[in-house]
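# Structural overview for review
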Amino acid sequence: MPFTSAIFVLSITQNYFISIAPLQELELKYLDIRFSNKNVINIKDKADVIILGISQEDYDQIPEPYNSWPWPRSYFAKIVNNLKIAGAKAVGIDLLMSNDDKFSPINDELLKKAILNSRNVVVAGMLDVEAELLMEEGSYTIKQDSYNYRNKFYAVDSSVGIVQIGSDEDGIYRRYEPLAISSVNESILPTFGFALLNKYFGLKSNYISRISDSYFELADRKIPRYDKSSMLINYYGPNGTFEYLKFTDVLDDKDFQTKDELYYETDINTWDDEHSGLLQSGKFKDKIVLIGSTLPEDRDFHPVSFSQGKRKGDNQMWGVEIHANAIQNVIWNDFLLRESKIIEVLLIFLLSFFAFYMFSFFKLSKKINLIWAEVINLSILTMLFVAFYFLGIYLFVEHNYIISIISPIATLIVGYFSTTAYHVVKVRKHNAMIKGMFGQYVSKSLVNELLNNPEKLSLGGVKKNITIMFSDIEGFTKISEKMEPEELVEFINNYLSIMTSIVLEQKGTLDKYLGDSLMAFWGAPLEVENKELHACKTAILMQKKMDELRSTFSTEAARKVRTRIGINSADVVVGNIGGVERFDYTVMGDGVNLAARLESANKMYGTTVMISETTYAKVKDEVFVRVIDNIVVVGKTEPITVYELLGFNKNNEAADKFRIYENYIEGYKKYREREFEDAKNLFQKSLNENPNDELSKIYLKRSTDFILNPPADDWNGVSVLKSK
């Protein structure tokens, strides 16, 4: 039991077989809770990353006519040059520049020259997801942007970083990918942050982090993998934790005049003023400088794990600062280390056995009554929940270590309920009533017989000759689509109740319901004399009852539904099939499959009750039938003859029905004797008498085809069914 519980927990928490989204979201939310218990780290004075934010204040200082986006590229060239002079190690422009400068092509050339001279600039790139998807789907319509990553400067210094960051299923940005793969031009590119780290560590611009089983490797850094493609961002605080400076403060040197400078006719020169200029402060020395928008209308604002409050939206962070956090993590070797899968799996197994034996101890204790045992177990369960909750927070805050919370708690919950279920079953299984097991699918007389012979419920089965029946409602989908759910359930329940009563009255055993289908058999658990005849009687009575039900339907489509039935007699395995704790009395074997195939084959031949040759052999003196075909069902190679059951030979209505098909029966004989002209004429006569007879239509077509194209000499008239 504990081993089974552990396997179950593994299957629902480790994504080996299934992925349960609510559980994954809970795990992620618990990660956010751990961040909320973490103190904000003041890194503005010691961080290696500075952000130049483009805000409304910057727009207000740009003189006309240049104060509309996009600004002249010469501004960015000036920024790059100024930062180079200030000793910045790397500059990342987190802005897409896919079009030519709208003011002058000279501005583009100035930026290209600045990038080449500085050799420390990374431009933003973006993969065209739409084009990527089109490529995967077989289309070759690819946007030009897919090749230049939406940035015309991407090839100037071969320093481009993909700025797209993947969010989790709940939309929160917790992870950062070191690389991105483009199927458009079959290239592997560093992401924006890692392209800047290449510059910082003096690596090649297009250097790609090496990937091992547990790490991404960059320079001498080993970056723990959170999943196959990403690291987990260790946020230092909410939005604004990194130092932000204004774009125009670096732009405003002695050669540039802001709007204020023009208005007041006074040079301010926030960049290179000899007394107070930023250049003199030395704060850009050996830093990575990120340039990005902090304007709400640019929508580069994303929810992250760290929140500065408890209101909705308090966890929003500028995209440029998300990059900054990831970059700083790598520079400082400051990573979140996730509990390994091996440790997590071992913990699940250990907790499963611990929970089972601990909860069992109190349940089995003779000194504690059942109620108090449950109270104690639930109290222990609650305390373990709280312990794991605070342990996870402690390890995260103090050691940057992440343990799973869902898998241990799920293990304890499953352990508690599985232990409870195990002991309930163990106590009650010897007192279980046979009537409770069989009363739903055999008649009361059979239940009474089984009550007197409980050994018949022993696990396993015997090989026995029985008769199996499958039934299904043809055209049920059409009427179910027009029914309200309540009406549909009422109809199915009423139909199955009526048909089940007929089965039980005819000494049959109900096996199971399959939607609107019913499966039953005769000859087990007790012998039934003339079981084949009882099955045929059941089929005829079910058809009559369906005729009565059909007359009560309100729509034309509903009145056209029919019950299809397939019957076969064969040696099959019958008995209580299943596990020690749960088993069903059922039948298995090829004979069962054949009965199901016959029920389905009715649809192809337009018949309602199809019986096999083995069943017919036992009832041929009691019933009217007509041959349907000599067929080979799916999965078999030997042909069998199948018949349509018309009724009993002592029934006048059945006799009249049989006489209607005399031309068909004679036509089938001629067909098998290869006398296709005579067969065609007889089938045509049959159709004249009964225009809706699908079998006559089928054989009329076959005969006509064989007249035009005679079959081979070894033709045996066998039809091979292609579907189940």
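Residues numbered from 1 in each chain as written. Predicted model: local features only at pLDDT ≥ 70, side-chain atom pairs only at ≥ 80, totals over all residues. Heavy atoms only, no water.

## Remarks on the overall build of the chain
If you tally the helices and strands in the chain, you get 27 helices and 26 strands. Relative to a compact globule of 724 residues, whose C-alpha radius of gyration would be 27 Å, the chain shows 40 Å and is clearly more extended. When its C-alpha atoms are laid out on the principal axes, the chain stretches across 120 × 85 × 50 Å. Considering only contacts within the chain whose residues lie at least 6 apart along the sequence, 71% involve residues at least 24 apart. In the structure as shown, the chain presents an accessible area of about 36300 Å², 54% of it carried by carbon and sulfur atoms. (Helix = DSSP H or I, 4+ residues; strand = E, 2+ residues; numbered from the N terminus. Rg over C-alpha atoms; globule rule 2.2 N^0.38 Å. Contact = heavy atoms within 4.5 Å. Areas by Shrake-Rupley, 256 points an atom, 1.4 Å probe, with all protein chains shown as cover.)

## Quick word on the nonpolar core
Within the largest apolar cluster, 47 residues are counted, with the highest numbers of intra-cluster contacts made by Tyr235, Ile288 and Leu290. Per-element tally for this core: the top contributor is helix H12 (residues 319-331), with 7 residues. The residues touching Tyr235, leaving out its near neighbours within four places in the chain, are Phe35, Lys38, Tyr173, Val304, Ser305, Phe306, Met317, Ile322 and Asn325. Core analysis: the next-biggest nonpolar cluster, separate from the first, contains 42 residues, Tyr75, Leu95, Trp271 and Ile291 among them. (Core = buried A, V, L, I, M, F, W, Y, C linked by side-chain atoms within 4.5 Å. Buried < 20%, exposed > 50% of the residue type's maximum accessible area, 1.4 Å probe, protein only.)

## A look at the packing of aromatic side chains
Given two aromatic rings, their pairing is described by the distance between the two centres and the angle made by the two planes. Tallied over the full model, the rule gives 44 aromatic pairs. Taking 5.3 Å as the distance between ring centres and 65 degrees as the angle between the ring planes, the aromatic pair formed by Phe706 and Trp715 counts as edge-to-face. Phe706 sits in the buried class, given a relative accessible area of 19%. Three or more aromatic residues joined by ring pairs form one cluster here, namely Tyr664, Tyr668, Tyr671, Phe676, Phe683, Tyr699, Phe706 and Trp715. For Lys222, the ring lying beneath its charged end belongs to Tyr215, and the centroid distance is 5.9 Å. (Phe/Tyr/Trp six-rings, centres within 6.5 Å; stacked < 30°, edge-to-face > 60°. Lys NZ or Arg CZ within 6 Å of the ring centre and 35° of its normal.)

## Digging into the packing of helix H8 (residues 192-200) against H12
Interaxial distance between H8 and H12 falls to 9 Å at its minimum, and their mutual angle equals 40 degrees. Taken together, H8 and H12 sit at an angle that is classed as oblique. Handedness of the H8/H12 crossing: right-handed. Of the residues in H12, those touching H8 at Phe192, Gly193, Phe194, Leu196, Leu197 and Tyr200 are His323, Ile327, Val330 and Ile331. Residues of the contact of H8 with H12, tallied by class, amount to 8 nonpolar, 2 polar and no charged. (Axes fitted to C-alpha atoms, helices over the stretch in contact; angles between N-to-C directions. Parallel < 35°, antiparallel > 145°, perpendicular 65-115°, else oblique. Left-handed = near helix turned anticlockwise from the far one by under 90°. Nonpolar A, V, L, I, M, F, W, Y, C, P; charged D, E, K, R; others polar.)

## Some words on helix H25 (residues 662-672)
Within the span of H25, buried status applies to Asn663, Tyr664, Gly667, Tyr668 and Tyr671. Projected onto a plane normal to the axis of H25, the buried residues spread over an arc of 135 degrees and lie on a single side. As for H25, its buried residues are in contact with strand E24 (623-632), helix H26 (676-689) and helix H27 (694-708). Just past H25, the residue Arg674 takes up positive phi, approximately 70 degrees. (Arc of directions from axis to C-beta.)

## A word on the pattern of salt bridges
Scanning the entire structure with this criterion turns up 36 salt bridges. One salt bridge in this structure joins Lys670 and Glu675, with 3.2 Å as the shortest N-O distance. A residue is classified by how much of its surface remains accessible, and Glu675, at 31% relative accessible area, is partly exposed. Linked through salt bridges whose partners overlap, the residues forming this network are Lys29, Asp32, Asp168, Asp170, Arg174, Arg175, Glu177 and Asp227. (Salt bridge = Lys/Arg side-chain N within 4 Å of Asp/Glu carboxyl O.)

## Some remarks on the layout of surface pockets
Here the largest pocket defines a volume of roughly 1200 Å³. Taken together, 36 residues line the largest pocket, and the ones lying closest to its centre are Asn15, Tyr226, Asp227, Arg338 and Lys341. Of all the elements, helix H2 (residues 21-36) adds the most residues to the lining of the largest pocket, at 8 residues. Here the residues of the lining of the largest pocket sort into 12 nonpolar, 10 polar and 14 charged. (1 Å grid on protein atoms, 1.4 Å probe; cavity = no way out; pocket = protein on both sides within 12 Å on 5 of 7 lines; lining within 4 Å. Points joined across faces, edges and corners; volume = space filled by probe spheres on them.)

## Overview of helix H13 (residues 341-364)
With 24 residues, H13 ought to run about 34 Å at 1.5 Å a step, and its terminal C-alpha atoms sit 34 Å apart, in line with that. Within the span of H13, buried status applies to Glu344, Val345, Ile348, Leu351, Ser352, Ala355, Phe356, Met358, Phe359, Ser360, Phe362 and Lys363. (Expected span 1.5 Å × (residues − 1).)

## A few points about the sheet that holds strand E12 (residues 244-246)
The strand order across the open sheet built from 6 strands is E4-E3-E2-E13-E1-E12, with neighbouring strands paired in parallel fashion. Since the sheet does not close on itself, it has two edges, and those belong to strand E4 (160-162) and E12, each with one partner. Each neighbouring strand pair of the sheet contributes to a mean axis angle of 30 degrees, computed without reference to strand direction. Summarising the sheet, strand E1 (residues 49-54) and E12 pair through 3 bridges and their orientation is parallel. Its bridge partner being in E12, Ile51 is matched across the sheet by Tyr244. Running over the sheet, H8 touches strand E2 (90-93), strand E3 (121-125), E4 and strand E13 (288-293) and is turned about 165 degrees from E3. (Pairing = 2+ DSSP bridges.)

## A word on a negative patch on the surface
A cluster of acidic residues, Glu484, Glu486, Glu487 and Glu490, forms a negative patch at the surface. By secondary structure assignment, the location of Glu484 is in the loop between helix H18 (476-480) and helix H19 (485-505). (Patch = residues over 30% accessible without salt bridge, like charges linked within 9 Å, V, L, I, M, F, W, Y side chains within 5 Å. Lys, Arg positive; Asp, Glu negative; His and termini not counted. Charge placed at Lys NZ, Arg CZ, Asp CG, Glu CD.)

## Describing the confidence of the model for the chain
Any segment with low pLDDT has predicted coordinates that should not be analysed in fine detail. Per-residue pLDDT for the chain has a mean of 87; in total, 90% of the residues score no lower than 70. Note that residues 131-144 has pLDDT below 50 and, in this model, 16 contacts with residues that lie over four places away or in other chains. (pLDDT = per-residue confidence, 0-100.)

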